[in-house]
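Coordinates in review
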Amino acid sequence: MPTQRTVAVLVGSLRKESFSRKIARAIVEVAPASLTLNIVEIGGLPLYNADDDEPSPPSPWTAFRERIHGSDAVLFVTPEYNRSVPGVLKNAIDVGSRPYGKSAWAGKPGAVVSVSPGAIGGFGANHHLRQSLVFLDVPAMQQPEAYIGNAASLFDDKGALTNDATRDFMQKFLQAFAQWIEHNLGH
């Protein structure tokens, strides 16, 4: 029987009905039984400023860092803004990586799902985020890659995923992610 793992899911969009948030909710619904996925909200994190880390960091930073530290793995679900990730996601990454030497990200297996109403599915954001993950010591799952394009056509008016091919892909993606987590954590 596989080990139960917790996964922090970070959604790179603040909009309540964003395509990224809708995909994240769909991912949570189709996760294999061995994974517990929890969306960790990042919109309330104050902008990172090292001056504020000493002597006592803001409580939202501390709570966020504890949520990441307490998770076995991380899953980033992000839109693409100007061929990169949104500022709110970059800020969350920065908050979690500090103070120096105490990164909440270090060694946590990760994966990236990029989402776009366009045809290329946030390719630029996906790969830009992967560059940061290398530095942060987050071993990112390489295959399968997840670029969810034409997102506007995937949901009904209540925000539920209606595209069976996307649902099937997300299930396979999460099964591969569960194996990636076990491979990296070695248990």
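Once a new chain begins, its residue numbering starts again from 1 and follows that chain's sequence as written. In keeping with the predicted nature of the model, local features appear solely for residues at pLDDT of at least 70, side-chain atom pairs appear and are counted solely at 80 or more, and the whole-chain, interface and lining totals rest on all residues. Based on all heavy atoms of the structure, the side-chain values leave hydrogens and waters out of the count.

1. Considerations on the packing of helix α1 (residues 19-30) against helix α5 (residues 164-185)
A pair of packed helices is characterised by two quantities: the angle between their axes and the separation of those axes. What counts here: Simply put, an axis is a line fit to the C-alpha atoms, just over the touching stretch for a helix, and the angle between two N-to-C directions goes from 0 to 180 degrees. Helix and strand labels come from DSSP, where a helix needs a run of H or I of at least four residues and a strand needs a run of E of at least two; each type is numbered from the N terminus. Here a crossing is called left-handed whenever its near helix is offset anticlockwise from the far helix by less than a right angle, and right-handed whenever the offset is clockwise. Note on contacts: a residue pair is in contact if any heavy atoms of the two residues lie within 4.5 Å. Gly is put with the polar residues, along with every residue not named as nonpolar or charged; the nonpolar set is Ala, Val, Leu, Ile, Met, Phe, Trp, Tyr, Cys and Pro, and the charged set is Asp, Glu, Lys and Arg.
Across the interface, α1 lies against α5 with an axial gap of 9 Å and an inter-helix angle of 65 degrees. You can see that α1 and α5 cross each other, and the crossing is right-handed. Residues I23, I27 and V30 of α1 touch α5, and the partners they reach there are T166, R167, M170, Q171 and L174. For the contact of α1 with α5, the class distribution of residues is 5 nonpolar, 2 polar and 1 charged.

2. So, the sheet that holds strand β5 (residues 146-148)
Going by this rule: Any two strands with at least two DSSP-identified bridges between them are counted as paired.
Strand order in the open sheet formed by 5 strands is β2-β1-β3-β4-β5, and the pairing between neighbours is parallel. Since the sheet does not close on itself, it has two edges, and those belong to β2 (35-39) and β5, each with one partner. Adjacent strand axes in the sheet meet at a mean angle of 20 degrees when their direction is disregarded. Here α5 sits on the sheet in contact with β1 (5-11), β2, β3 (73-78), β4 (110-115) and β5, set at roughly 160 degrees to β4.

3. A short note on α1
The condition is simple: Residue count minus one, scaled by 1.5 Å, sets the expected span of a helix. Relative accessibility decides the category of a residue: with a 1.4 Å probe and only protein chains considered, values under 20% of the type maximum give buried, values over 50% give exposed, and everything between is partly exposed.
Between its first and last C-alpha atoms α1 spans 17 Å; for 12 residues at 1.5 Å apiece the expected length is 16 Å, and the two agree. Every buried residue of α1 is accounted for by S20, R21, K22, I23, A24, A26, I27 and V30. Buried positions along α1 lie against β1, β2, β3, β4, β5 and α5.

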